[in-house]
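Okay, here's what each chain looks like letter by letter:
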Amino acid sequence: MIGAIIGDIIGSTYEFIDNVKDKNFELFIPYSMTTDDSIMSLAIGQALVNTYKEKDIIKIQNELIKQMQKFGRKYPYSGYGLKFKEWLKAENPRPYNSFGNGSAMRVSPCGWLGSMDQVLSFARESAECTHNHPEGVKGAECVAYAIALALEGKNKEQIKEKVCWLYGYDLSMTCQELRRTYRFDETCQGTVPQAIICFLESHDFESALRLAVSIGGDSDTLAAITGGIAEAYYGIPKEIEQKALT
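Description of the structure in this document. (Residues numbered from 1 in each chain as written. Predicted model: local features only at pLDDT ≥ 70, side-chain atom pairs only at ≥ 80, totals over all residues. Heavy atoms only, no water.)

1. Structural notes on the overall build of the chain
Part 1 of the reasoning: Of the regular secondary structure elements, the chain holds 13 helices and zero strands.
Part 2 of the reasoning: For the chain, whose C-alpha radius of gyration is 16 Å, the value lies close to the compact-globule estimate of 18 Å for 246 residues.
Part 3 of the reasoning: In terms of overall dimensions, the chain has a C-alpha envelope of 45 × 40 × 35 Å along the principal axes.
Part 4 of the reasoning: Taken as a whole, the chain presents about 11100 Å² of accessible surface, with 52% of it coming from carbon and sulfur.
Part 5 of the reasoning: Charged side chains in the chain number 26 positive and 32 negative. The centres of these two groups are separated by 3 Å. (Helix = DSSP H or I, 4+ residues; strand = E, 2+ residues; numbered from the N terminus. Rg over C-alpha atoms; globule rule 2.2 N^0.38 Å. Areas by Shrake-Rupley, 256 points an atom, 1.4 Å probe, with all protein chains shown as cover. Lys, Arg positive; Asp, Glu negative; His and termini not counted. Charge placed at Lys NZ, Arg CZ, Asp CG, Glu CD.)

2. Topic: the side chain of Thr51
Part 1 of the reasoning: Here Thr51 shows up in helix α2 (residues 36-51).
Part 2 of the reasoning: Thr51 sits in the buried class, given a relative accessible area of 7%.
Part 3 of the reasoning: A polar contact of 2.7 Å, which involves the side chain of Thr51, links it to the backbone oxygen of Ala47.
Part 4 of the reasoning: Leave out the neighbours within four places in its chain, and Thr51 touches Lys59, Ile60, Glu63 and Phe122. (Buried < 20%, exposed > 50% of the residue type's maximum accessible area, 1.4 Å probe, protein only. Polar contact = N/O pair within 3.5 Å; in protein donor to acceptor, adjacent residues only side chain to side chain. Contact = heavy atoms within 4.5 Å.)

3. With respect to the packing of aromatic side chains
Part 1 of the reasoning: Per the stated rule, a full pass over the model turns up seven aromatic pairs.
Part 2 of the reasoning: An angle of 40° between the planes, with centres 5.7 Å apart, marks the rings of Tyr80 and Phe84 as tilted. Across the pair, Phe84 and Tyr80 agree in class, each one buried.
Part 3 of the reasoning: Between Tyr145 and Tyr167, the ring centres sit 5.8 Å apart and the planes meet at 65°, which makes this aromatic pair edge-to-face. Of the two residues, Tyr145 is situated in helix α7 (residues 134-151) and Tyr167 in helix α8 (residues 156-167); the sequence distance between them amounts to 22 residues. (Phe/Tyr/Trp six-rings, centres within 6.5 Å; stacked < 30°, edge-to-face > 60°.)

4. Brief notes about the packing of helix α10 (residues 192-201) against helix α12 (residues 219-234)
Part 1 of the reasoning: Orientation of α10 relative to α12, taken along the N-to-C sense of each, is 40°, at an axis distance of 8 Å. Taken together, α10 and α12 sit at an angle that is classed as oblique. Considering how the two elements wind past one another, α10 and α12 form a crossing that is right-handed. Counting all contacts with α10, which are made through Val192, Gln194, Ala195, Ile196, Cys198 and Phe199, the residues of α12 involved are Leu222, Ile225, Thr226, Ile229, Ala230, Tyr233 and Tyr234.
Part 2 of the reasoning: Residue composition of the contact of α10 with α12, grouped by class: eleven nonpolar, two polar and no charged. (Axes fitted to C-alpha atoms, helices over the stretch in contact; angles between N-to-C directions. Parallel < 35°, antiparallel > 145°, perpendicular 65-115°, else oblique. Left-handed = near helix turned anticlockwise from the far one by under 90°. Nonpolar A, V, L, I, M, F, W, Y, C, P; charged D, E, K, R; others polar.)

5. Considering α10
Part 1 of the reasoning: Within α10, nine of the ten residues are buried, which leaves it mostly tucked inside the rest of the structure.
Part 2 of the reasoning: What α10 keeps buried is the set Val192, Pro193, Gln194, Ala195, Ile196, Ile197, Cys198, Phe199 and Leu200.
Part 3 of the reasoning: Each element contacted by the buried residues of α10 is listed here: α5 (102-105), α7, α8, α9 (175-181), α11 (205-214) and α12.

6. Side note on the packing of helix α1 (residues 2-12) against helix α13 (residues 238-245)
Part 1 of the reasoning: Contact pair α1 / α13: the axes reach a minimum separation of 10 Å and the direction vectors enclose 70°. Between α1 and α13, the crossing angle belongs to the class labelled roughly perpendicular. Between α1 and α13 the crossing geometry is left-handed. Contacts between α1 and α13 pair Ile2, Ile6 and Ile9 from the former with Ile240, Glu241, Ala244 and Leu245 from the latter.

7. Some remarks on the nonpolar core
Part 1 of the reasoning: One finds Ile6 and Val192 to be the most contacted residues of the largest nonpolar core, which totals 80 residues.
Part 2 of the reasoning: If one sorts the elements of this core by residue count, α7 sits on top with eleven residues.
Part 3 of the reasoning: Excluding residues that lie within four positions of it along the chain, Val192 makes contacts with Ala104, Gly139, Cys142, Val143, Tyr169 and Ile225. (Core = buried A, V, L, I, M, F, W, Y, C linked by side-chain atoms within 4.5 Å.)

Here it is in structure tokens:
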């Protein structure tokens, strides 16, 4: 999960008009910050700590909702989307058929659960509280699946093959092509495959985040998703982790 948070912090600086189309940029600057990606990743992580041995789906769903609302209300100015803001305030929150990339940006804790069945089940439940559109669920499951595969020791070619086979994403483009053609896209289908491509083309944790930011678009979320997978595959350099934790 810290990999996703680091990606969020680094990417937060370069979103919207500050997009960079280059890998040579400063990782941390004075106004780097955590956004909703980090806050909701923490919420999902806390919910899993509280329920990972639980078999009752209703209890798991209720805990996910409880923690997301708790963290979201504690940190209300973190850049949430309009519908999600309303969901955070609701007394009886209901999913709203979203396929936004919010389900994928917060899912990284689910990838560490061990059993693949559990990984995919928790990822699905973490998405369906809000993002119950098939693409919203698919995006969350895919990211958690890639993390779990990396933790199993699968190489990049195996991860790519399995992700393409199970979820049907096109991972054929290169980061160089994405820099020319990619535009801001807040959907799962317009963020998850691009983030995975950045991971596949990287050679270490830092290069994965530099590639994710360099393609432009929704930089914090792209880097959060890429960072979650890269953490599982490479680990995190101590100096980057310590800087982010400050």
